[in-house]
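An overview of the molecular structure
Residue-level listing of the chains:
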Amino acid sequence: MLKSTDLFHIPFYKKTSYTGSINGMRYSIQKAEENDENIFKVWIFPGPFCFDKTADELKESKNFAFTEESIPLIADWLNEQYENRANYWNQHKSPLS
(Lines give C-alpha, C1' and ligand atoms only; values in the text may rest on other atoms or scores of the structure.)
Protein backbone atom coordinates (compact mmCIF):
# COMPACT_ATOMS: atom_id res chain seq x y z
CA MET A 1 0.00 0.00 0.00
CA LEU A 2 0.94 3.60 -0.47
CA LYS A 3 2.56 5.46 2.43
CA SER A 4 2.49 9.21 2.83
CA THR A 5 6.30 9.13 2.65
CA ASP A 6 5.94 7.77 -0.91
CA LEU A 7 4.45 11.12 -1.92
CA PHE A 8 6.27 14.42 -2.25
CA HIS A 9 6.14 17.69 -0.31
CA ILE A 10 4.46 20.95 -1.34
CA PRO A 11 7.46 22.42 -3.27
CA PHE A 12 7.33 19.50 -5.72
CA TYR A 13 3.63 20.00 -6.50
CA LYS A 14 4.14 23.74 -6.99
CA LYS A 15 6.20 22.80 -10.06
CA THR A 16 4.61 19.65 -11.48
CA SER A 17 2.07 16.89 -10.96
CA TYR A 18 2.75 13.34 -9.82
CA THR A 19 1.37 10.11 -11.25
CA GLY A 20 1.61 6.57 -10.01
CA SER A 21 -0.28 3.32 -9.79
CA ILE A 22 -1.34 0.61 -7.38
CA ASN A 23 -2.05 -2.71 -9.13
CA GLY A 24 -4.13 -1.31 -11.98
CA MET A 25 -5.42 1.81 -10.21
CA ARG A 26 -3.62 4.78 -11.67
CA TYR A 27 -3.60 8.15 -9.90
CA SER A 28 -2.57 11.71 -10.54
CA ILE A 29 -1.93 14.37 -7.91
CA GLN A 30 -2.01 17.93 -9.19
CA LYS A 31 -1.97 21.45 -7.83
CA ALA A 32 -5.11 23.21 -9.04
CA GLU A 33 -6.97 26.40 -8.28
CA GLU A 34 -10.55 26.62 -7.05
CA ASN A 35 -12.24 29.82 -5.87
CA ASP A 36 -8.87 31.62 -6.01
CA GLU A 37 -7.29 29.05 -3.66
CA ASN A 38 -4.67 26.43 -4.38
CA ILE A 39 -5.86 22.87 -3.80
CA PHE A 40 -4.70 19.33 -4.46
CA LYS A 41 -6.84 17.64 -7.10
CA VAL A 42 -6.34 13.89 -6.88
CA TRP A 43 -7.57 11.72 -9.73
CA ILE A 44 -7.97 7.95 -9.87
CA PHE A 45 -8.60 5.98 -13.04
CA PRO A 46 -8.13 2.45 -14.37
CA GLY A 47 -4.97 1.44 -16.20
CA PRO A 48 -3.29 0.59 -18.37
CA PHE A 49 -3.36 3.96 -20.17
CA CYS A 50 -2.16 7.38 -19.06
CA PHE A 51 -4.47 10.10 -17.78
CA ASP A 52 -4.84 11.83 -21.16
CA LYS A 53 -5.71 8.57 -22.96
CA THR A 54 -8.32 7.45 -20.42
CA ALA A 55 -11.97 8.38 -21.03
CA ASP A 56 -13.19 11.12 -18.69
CA GLU A 57 -16.15 9.02 -17.52
CA LEU A 58 -13.68 6.50 -16.04
CA LYS A 59 -11.93 9.13 -13.90
CA GLU A 60 -12.86 10.12 -10.36
CA SER A 61 -11.40 12.95 -8.33
CA LYS A 62 -11.30 14.40 -4.86
CA ASN A 63 -10.00 17.76 -3.69
CA PHE A 64 -7.80 18.38 -0.67
CA ALA A 65 -6.37 21.52 0.89
CA PHE A 66 -2.99 22.44 -0.54
CA THR A 67 -1.11 21.83 2.72
CA GLU A 68 1.47 19.39 4.04
CA GLU A 69 -1.21 18.00 6.36
CA SER A 70 -3.12 16.80 3.28
CA ILE A 71 -0.34 14.47 2.10
CA PRO A 72 -1.22 11.62 4.54
CA LEU A 73 -4.92 12.20 3.84
CA ILE A 74 -4.27 11.78 0.13
CA ALA A 75 -2.34 8.54 0.73
CA ASP A 76 -5.17 7.25 2.94
CA TRP A 77 -7.82 8.14 0.33
CA LEU A 78 -5.87 6.44 -2.48
CA ASN A 79 -5.42 3.29 -0.38
CA GLU A 80 -9.10 3.29 0.54
CA GLN A 81 -10.13 3.64 -3.11
CA TYR A 82 -7.89 0.75 -4.07
CA GLU A 83 -9.03 -1.52 -1.21
CA ASN A 84 -12.73 -0.84 -1.86
CA ARG A 85 -12.45 -2.05 -5.47
CA ALA A 86 -9.30 -4.18 -5.60
CA ASN A 87 -10.84 -6.71 -8.02
CA TYR A 88 -11.84 -3.94 -10.44
CA TRP A 89 -8.41 -2.32 -10.36
CA ASN A 90 -6.59 -5.64 -10.74
CA GLN A 91 -8.47 -6.23 -13.99
CA HIS A 92 -6.84 -3.08 -15.37
CA LYS A 93 -3.21 -3.89 -14.67
CA SER A 94 -0.75 -3.22 -17.44
CA PRO A 95 0.12 -6.37 -19.36
CA LEU A 96 3.77 -5.52 -18.67
CA SER A 97 3.42 -5.64 -14.87
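Scroll up to find the structure this text is about.
So, a few notes on the structure that sits alongside this text. (Residues numbered from 1 in each chain as written. Predicted model: local features only at pLDDT ≥ 70, side-chain atom pairs only at ≥ 80, totals over all residues. Heavy atoms only, no water.)

**Side note on the pairing of strand 2 (residues 25-34)**
- Here strand 1 (residues 18-22) runs beside strand 2; their pairing, made up of five bridges, is antiparallel. When the sheet's bridge partners are listed, I22 is paired in strand 2 with M25.
- Counting the residues that bridge the hairpin from strand 1 to strand 2 gives two residues, and of these N23 lies at a positive phi of roughly 45°.
- Pairing of strand 2 with strand 3 (residues 37-46), which is carried by ten bridges, proceeds in the antiparallel orientation. Each residue of the ladder has a partner; that of Y27, found in strand 3, is I44.
- The hairpin formed by strand 2 and strand 3 contains two residues between the paired strands, and N35 there has a positive phi angle of roughly 55°. (Pairing = 2+ DSSP bridges. Helix = DSSP H or I, 4+ residues; strand = E, 2+ residues; numbered from the N terminus.)

**Remarks on the side chain of N79**
- With respect to the helices and strands, the residue N79 is situated in helix 2 (residues 70-84).
- Owing to a relative accessible area of 10%, N79 belongs among the buried residues under this scheme.
- A distance of 2.7 Å separates a polar side-chain atom of N79 from the backbone oxygen of L2.
- The residues touching N79, leaving out its near neighbours within four places in the chain, are M1, L2 and I22. (Buried < 20%, exposed > 50% of the residue type's maximum accessible area, 1.4 Å probe, protein only. Polar contact = N/O pair within 3.5 Å; in protein donor to acceptor, adjacent residues only side chain to side chain. Contact = heavy atoms within 4.5 Å.)

**Thoughts on unusual backbone geometry**
- Here the bond from G47 into P48 is cis, since omega is 10°, no more than 30 degrees from zero.
- Structurally, the position occupied by P48 is in the loop between strand 3 and strand 4 (60-65).
- If you check the backbone angles, N35 has positive phi at about 55° while not being a glycine.
- Positionally, N35 belongs in the loop between strand 2 and strand 3.
- Phi at D36 takes a positive value of approximately 60°, unusual for a residue other than glycine.
- Mapped onto the secondary structure, D36 falls in the loop between strand 2 and strand 3.

**Considerations on a negative patch on the surface**
- A contiguous patch of negative charge, built from E33, E34, D36 and E37, is present on the exposed surface.
- Its location among the elements puts E33 in strand 2. (Patch = residues over 30% accessible without salt bridge, like charges linked within 9 Å, V, L, I, M, F, W, Y side chains within 5 Å. Areas by Shrake-Rupley, 256 points an atom, 1.4 Å probe, with all protein chains shown as cover. Salt bridge = Lys/Arg side-chain N within 4 Å of Asp/Glu carboxyl O. Lys, Arg positive; Asp, Glu negative; His and termini not counted. Charge placed at Lys NZ, Arg CZ, Asp CG, Glu CD.)

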